[in-house]
Amino acid sequence: QVQLVESGGGLVQPGGSLRLSCAASGRIFSIYTMGWYRQAPGKQRELVATFTSGGSTHYADSVKGRFTISGDNVKKTTYLQMNSLKPEDTAVYYCNLIQSLGIGYWGQGTQVTVSS
C-alpha cells in the first residue's frame, strides 16, 4: 500500500501565502513524478505543478510566477509554496505520485480557500 498525506491547507486572504506539504509512505520503489493537482467545485481536476526524478518542473500557466514546487525523491516529500493567492485558486489540492512503473497514487486532498 502507498499513502500520501497532505497538510497545510486553510483559509487565507487574497494576496496571502500558504505552503502545502505531502509525505508519501509505503511500497514505493522508484518515483517518476510527484506533484499537485486541484479541483474546484463544478470543475475537473487540473494539474498545478509537478517535478520529475530528473529534476524538471512543470507549472500550469495560471500559477507560473506565484507557486513554487519542491521536493525530495529520497525522502518522498513534496511541497507547494503558494504566494499572491487569488480567489480563483480556491480548490481542494491533491498530492500525486507516479512510480516509474507507471502506477499512480492520490492523497486525500486538502482544502485551500482564498477569500476576504
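This text gives an overview of the structure that appears in the document.

Parameters at a glance
- Residues numbered from 1 in each chain as written.
- Predicted model: local features only at pLDDT ≥ 70, side-chain atom pairs only at ≥ 80, totals over all residues.
- Heavy atoms only, no water.
- Helix = DSSP H or I, 4+ residues; strand = E, 2+ residues; numbered from the N terminus.
- Rg over C-alpha atoms; globule rule 2.2 N^0.38 Å.
- Buried < 20%, exposed > 50% of the residue type's maximum accessible area, 1.4 Å probe, protein only.
- Contact = heavy atoms within 4.5 Å.
- Salt bridge = Lys/Arg side-chain N within 4 Å of Asp/Glu carboxyl O.

For the rest of this paragraph, the subject is the overall build of the protein. If you tally the helices and strands in the protein, you get zero helices and 11 strands. For the protein, the N- to C-terminal ordering of α and β elements is β-β-β-β-β-β-β-β-β-β-β. Against the 2.2 N^0.38 benchmark of 13 Å for 116 residues, the protein shows a C-alpha radius of gyration of 14 Å, consistent with a compact globule. Dimensions of the protein along its principal axes, counting C-alpha atoms only, are 45 × 25 × 25 Å. The buried share among the 116 residues of the protein stands at 41%. In the protein, of all internal contacts separated by at least 6 residues, the share reaching a separation of at least 24 is 53%.

Scanning the entire structure with this criterion turns up four salt bridges. Of the charged contacts in the structure, one is a salt bridge between arginine 38 and glutamate 46, with a shortest N-O distance of 2.7 Å. On the basis of relative accessible area, arginine 38 is assigned to the buried category, the value being 5%. Residue class for glutamate 46 comes out partly exposed when judged on its relative accessible area of 36%. Its salt-bridge partner being aspartate 89, residue arginine 38 comes within 3.0 Å of it at the nearest N-O pair. Separated by 51 residues along the polypeptide, arginine 38 in strand E4 (residues 31-39) and aspartate 89 in the loop between strand E8 (77-82) and strand E9 (91-99) bring together distant segments of the chain.

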